[in-house]
Every structure is written in C-alpha cells, then in structure tokens.
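These are the residues of each chain, in order.
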Amino acid sequence: MTFLSIVLPVYKVQGYLRQCLDSLLSQSFTDFEIVAVDDRSPDYSGAILAEYAARDPRVRVVTAPENLGLGRARNLGLEHATGEYVWFVDSDDWLSDGALNAAAERLRETDADLLIVGWDRVHWDGRVQAGTARKSLAAAPDVFSVEQWPKVLNILHVAWNKVVRREFLLRLGFVFEAGWYEDVSFSFPVMLAAPRISTLPRTCVHYRQRRTGAITRTVGDRHFEVFDHWEHALALATKYASPTDEVRGLLFRRMIWHFLRVLRHDARVPRESRVRFFGRMSEMYKTHLPPGGYPLPARTEGVRYRMVAGGSYRSLRVFDFAVGQARRAKRLARRAAGWVKRRTRQAAGQVYYRVQLRLPVDQSLALYGAYWFRGVSCNPAAIAAKAAELAPHLRPVWVVAEPYAKAMPAGVDHVVAGTLPYYRAIARARYLVNNVNWPNRMVKRRGTTHVMTHHGTPLKRMGADQADHPAGVKDPDFQAQMRRADRWDYSVTANPFTTVAWESAYPCSHETLEVGYPRNDRLATATAADSAAARERLGIPAGRRVVLYMPTHREWLPGGRRVLDTERFAEELGPDSTLLVREHYFTTPAEPASGAAVVDVSDHPVVEDLYLAADVLLTDYSSAMFDFAVLDRPIVIFAPDWPVYRDVRGVYFDLLAEPPGAVATEYAALVGLFQNGSYADESAAAVRASFRRRFCSLDDGHAAERVVRRVFFPTNQ
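Let us look at the structure shown here. Owing to the predicted nature of the structure, the values given are computational and were not obtained by experimental measurement.

Topic: the environment of Val598
- Within the secondary structure, Val598 is located in strand β19 (residues 598-600).
- Put simply, Val598 and Glu182 are 416 residues apart on the chain and 38 Å apart in space, counted from C-alpha to C-alpha.

Comments concerning the packing of helix α12 (residues 313-357) against helix α14 (residues 420-428)
- Between α12 and α14, the least distance of the axes is 9 Å, while the angle of their chain directions is 35°. Between α12 and α14 lies a crossing of right-handed hand. The residues of α14 that touch α12, namely those facing Gln346, Ala348, Gly349, Gln350, Tyr352, Tyr353, Gln356 and Leu357, are Leu420, Tyr423, Arg424, Ile426, Ala427 and Arg428.
- Residues belonging to the contact of α12 with α14 are distributed by class as follows: eight nonpolar, four polar and two charged.

What to know about the packing of aromatic side chains
- Enumeration according to the criterion identifies 42 aromatic pairs in this entry.
- Between Trp119 and Trp160 the ring centres are 5.7 Å apart and the planes differ by 85°, which places this aromatic pair in the edge-to-face class. Of this pair, Trp119 sits in strand β6 (residues 114-123) while Trp160 sits in the loop between α5 (134-139) and β8 (162-165), placing them 41 residues apart in sequence.
- Through successive ring pairs, a cluster of aromatic residues spans Phe188, Phe224, Phe227, Trp230, Phe259 and Phe277.
- Taking NZ or CZ as reference, Arg254 lies 3.9 Å from the ring centre of Trp257, over its face.
- Over the face of the ring belonging to Tyr431 we find Arg430, whose NZ or CZ atom lies 4.4 Å from the ring centre.

Quick notes on the environment of Ala133
- As for its placement among the helices and strands, Ala133 is situated in the loop between β7 (128-129) and α5.
- For the pair Ala133 and Phe278, spaced 145 residues apart in sequence, the C-alpha separation works out to 28 Å.
- Those residues in contact with Ala133 that sit more than four places away from it in its chain are Trp119 and Ile155.

Some details on the nonpolar core
- If you look at the biggest cluster of nonpolar residues, it comprises 105 residues, and the most contacted ones within it are Ile34, Trp87 and Leu169.
- If you look at the next biggest cluster of nonpolar residues, it comprises 47 residues, including Met452, Trp502, Val546 and Ile635.

Some thoughts on the side chain of Ser91
- Mapped onto the secondary structure, Ser91 falls in the loop between β4 (85-88) and β5 (94-95).
- For Ser91, the side chain forms a polar contact with the main-chain oxygen of Pro9, separated by 2.8 Å.
- What Ser91 contacts, discounting residues up to four positions off in sequence, is Leu8, Pro9, Val10, Tyr11, Val13, Tyr16, Leu17 and Cys20.

Points about unusual backbone geometry
- For Arg299, which is not glycine, the phi torsion reads 55° and is therefore positive.
- Here Arg299 is to be found in helix α11 (residues 299-310).
- Located in the positive-phi region is Asp632, a residue other than glycine, with phi close to 55°.
- Accessibility expressed as a relative area gives 38% for Asp632, which makes it partly exposed.

A closer look at helix α15 (residues 478-485)
- Along α15, the residues classified as buried are Ala480, Gln481, Met482, Arg484 and Ala485.
- Its buried side turned inward, α15 meets α16 (496-505).

The rules behind the values
Residues numbered from 1 in each chain as written. Predicted model: local features only at pLDDT ≥ 70, side-chain atom pairs only at ≥ 80, totals over all residues. Heavy atoms only, no water. Helix = DSSP H or I, 4+ residues; strand = E, 2+ residues; numbered from the N terminus. Axes fitted to C-alpha atoms, helices over the stretch in contact; angles between N-to-C directions. Left-handed = near helix turned anticlockwise from the far one by under 90°. Contact = heavy atoms within 4.5 Å. Nonpolar A, V, L, I, M, F, W, Y, C, P; charged D, E, K, R; others polar. Phe/Tyr/Trp six-rings, centres within 6.5 Å; stacked < 30°, edge-to-face > 60°. Lys NZ or Arg CZ within 6 Å of the ring centre and 35° of its normal. Core = buried A, V, L, I, M, F, W, Y, C linked by side-chain atoms within 4.5 Å. Buried < 20%, exposed > 50% of the residue type's maximum accessible area, 1.4 Å probe, protein only. Polar contact = N/O pair within 3.5 Å; in protein donor to acceptor, adjacent residues only side chain to side chain.

What follows is the structure, given as structure tokens:
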C-alpha cells in the first residue's frame, strides 16, 4: 500500500500550480501519490496537471463531472486515494524541503491517526511570517487525544495542516461539506474523534497569502455559510465524541473567535449584512453556550465576547472603532518615541564621540570586533588570546551588538555597540582589530593602529573587484568601501593567493601581513584528543562518521531555499553517520531535523570545534574549505550551480579545475562519492595535497603570534 496520498483540489490556480507540484515531486520521500482533482478549472490548470501526469506516474488526475467546490473536490480525491494516510494540500500552497519525510517519520514513530504539522505564511509581497503555532505544536505531548490536551483546539482549523489515517476517515464516514469554511466541519470533528494525535513542530507548508482570490477578501453573503459548518461541527462532535466540560468550553470559545474574525473580514459589505451576521452570531452564542461556561478571553477580546452575548452590534462597532483608534495612536506614539529615542541616542553618541576624540589615546586599550559585532570569534579572537599571553600590558575589550551581549563569555570585558562606553572605546583605543570594517563614521586617529584580519580566503570576488559582477553586489558604494579600507594599517592574509587577490580588491595604502590565518592555529596544532573532545562536547556518539555540511550564501535565492535536502542526504549516508549542518549567517534559518542523523549546529559559537569533530567537510563555495584543509581531512565540493555562482558572484579561480577534493555537480554523484568511498581515495588525497600547498603553507600554528609581534611590538622588528 502507498504510504501517503496527497489530495490536491485544483481550481483557478494556474499561476501557482507548478510551484506546488514541483515542491511535492522533488521531495526526498517517494512513497506517495498525488490525486489531483481538476475541479473543472476554466484556466490552464487542467493542462498543467496533464503535463505533470504524463511525465510522473505518481500524479493521477481525476476530473470532476462539474465544478464541485473545494470540499466536495476533496471528497472526490479521497474516493480515489489508496494511501495509508491522506494529506489535503491546497494547490496554491507548497511544501518545504523534507516535509514529507519528516511527516512520514513522525507518523511511523507515533502511529498517530492524525498529525498536525507546522506552517508559515508567505505574503504576496515576499514577507514571511514564521509559523505562529510552532511553540504550541512543540509543547504538545508525543501522542494525545483532545481530552488529554485540549489546547490543540486553538491551532488553526484547516485541512492542509493535517495528515489523517485514511481508514480512520472512511470508518467514521468523515467527509467535507459543500460551501465556504468547509474546514470547520471537518477539522474539529476529526480532532475530537481521533484517539491518537501527534504534532510536527517544523514548517511543512508554505501557506500562500494571496493578494486576490482569498475568501477572506471576498465581499458577499456567502460568509454566512460559516454558521452551518459550525452547527455541523458541533453535531458531529457530539456524535463521535463525549467532550468534557473543558473541551466544550474551548470549542465554544473558538467558535465565537472565528465568527468575530469573519465579521472583521466582512467589513466592506453593507451594514445591513453585517448586522444580520452579528445577529446570527449572537443566536449561536445563546444556543450553544456550554452549561459549565467557557474560559473568557482576557482584555479587549473578552469585552467583545460579552458584547456578542448581549447582542449589541452598535456597541461592538463603537468599541472596535475606539480600540482601533487607540491602537493606532499607541503605535504612532511608539514609533515616534522610538524614532526620537534612536535619533537622540545617535546624536548624543556622536557628540560624546567627538568629545572623546579630543582626549588622549588610551595606549593600553585594544578594541576587538568580529562579524558585525556578533561576539568573540574568528581571527580577532585568536589574536586577542595570543596578545593576552605575549602583551599582558594591553587591556582587551570587545564590541558586541545588543542582541548578542547576553551570550558573551563570562569574564570578557565588552561594550555594547551604540552606547556611550562604545563611543569612548572606539574614539580612544590604541589598537582596533576587526574581521570586517568599522562603521563609516569612525575617525582614524593619528597614533592608532587598525588591523583588518578578514574572515576567509576569497573564492568569490570582493571589494572593488565586484564592480564587474553587479548582480552579486550587496553594497554598491565602492567609494565608501575604499574609504573604510583606507583606515587599515595592516591587512592579514592567509597565503600568497589572498595577498594577490586583495591587491586589486582593496587598492589602498596598508601593510600586508602575509602570515597565515590566526584562527587556524588551533587546527594546525590539533591532536586526536582535541578532536575527541570536540565530539564529546557536541554529544556525538563514538564510532560515527561525521560529515560537516557548510554551504555558502547565495544572494539570488529566496530566503529559506536550500540547495541540498539535508534530511534526504543524511539517510543516504547511512545509520553510522552524523550530518552536522551549519548554515551561513546571512541565510534565513532552516529547520533541519535534530537527532543522531542530522544535527543543526548553525548557532554553535566556535566553528573550529565543528572542524575538529568532522571526518569530512561537505561544502560548495564557502571559505570553510581553506580552513578545513589545514586538518588534511577529506573535503567534498557539491557544486550543482557552479556556472551561475561563477558568473553572478564572480570568482578568483576555477574551483572545479583546482578543487580541494572530490567534486559532484549532481545529487546522485554526490551520494555515489560517499557510498563508494571515493571521496577519501588516493585521487581525492592527491588534489587535496595540491590545494594545501597553494593555500595552507603558512598555517603552522604561529600566525597569531606573528601578528601580535608585528602589530603590538613594532619596534622589535
């Protein structure tokens, strides 16, 4: 039997249907069928379905005898479904990578009759709202019934976030009713009747918020159909379950909540229609009010419920108007206050900064920063550590952005960016060490020393060299870039290749310190015991092969889009492997599964720990390859879009011609490298050796010392 049937009702979705189908057919999980119901769509949707069915046997098209509407079209799809479970996906939405595999694993783990999955809202203008139910889904027990965890009734009552055992639906005769809001009379009875419910707190569905076509934006009396569906839902709830007083109360509260939301959506219709809607809502309130009452919402929402109970539409309108005006006024006041506070703080900071510039330079102060003030890391951290040993007369202070201040290691002296202590520090520090540029308004004082350590050997073009590749440029103000680089006294490079690259990327007057990368000193001197300790800190069981996946950022991809399905790849690696996934810090956070097979280490503070724990690095165009090569361990390049990256972003050398190890440009080839072991064979070792000779010759464990002695003790040279 097929494990999963995806029922896909299709009507007037020609602009979205391909994205939906592609998201399904590209999933790593393959034990599924798509039962696409062509609900007599008058556009090209039927032709698109026929196209996909012709090339993929998993797509079966069922043509409705007439336009049935969403609910009845789902019923027709259910009649043709053969899977153990069924998922009613809307054809203008799409699934996230790995969603089917994650859902299937959860169902097998729990043997649930009903699985509720997470989602996000993707607006037509590109805005994304992360799943609001994620915390609720994560808080649920592993397996439960509504009586055991009634809070499940507060989760959005739609069909597309639920995967249901087909036999359970057929046995109880659950079907969708016709008309708008058909999800109500399906979702609540199914939840109440299901003996085993489970949740999956990860984004599986990208819920499209259409600019036009959504029923919430449609004017007309069809919104009254919501009452019939709630009547039907309550009747089925009584038929298939024996709700407790708590469940009845929460269900009633959810019903009134829904009515109030529909009334708010229907604000553009004539007043007479809204008055009738409110009257029907009040009748439903009185008819179905549970004998034991219900938990009244707090604050303004509770007031609305009381007004529904009292049947006063005019009072509700006046109250909503007053609340709306108060909220708008509060929002405007908050924005104005925030603007004034920011401007005042900035102005005060600049005045204070200018005053501090007139005071003597603090000869003992060494100021450090890394990655736009994210914390203690990278080359500045290695230099600071070595300076503490060789130059204890210097007082190290780190600059950290406010969101990261709480995560600073205990005992590390730091200032928060934008505060008065920060302005004092950058005005009077004798030494300033950073792996990115300091802010534009910083003044380079006479008698101070600025050290730019950079944060990677460049494959992609940087600085002025990006002018020939404008599509990949995030900061097109090259004049400002060069003014910031003009403040450097020293530029640290990892190898001769980088020295040459920076010559054209940053044509400024500074001294190049071609000494190796300080952050790699730890790797150059690492022992087997260091690697074992790193694994232990990460909780990786002994004896497992550890693959570290570190993709780079792609400016042209939408947020959340991934090149590699990590869950699928982890399965391909086999049960004796662990895949560590570290996303680029510019990338929208993903939701890889956590466990023995896949571990998200994107927030791990020290990347060198990950290098030491890994047996092999899997990357694409990240500078991580140059650092990891110091360990002389296998590196695999997965470059499915190399021509695009090369031409859009611009590169300094042909990675595929001079790779650090085995290369794959297709997924099947990548899997083959790991399954047959060729990623670590003699051929791979040979190209890695050549790569190391070119890029790692200076990484001997003493790079930080060379920087410290040259910068902090210049008279000794």
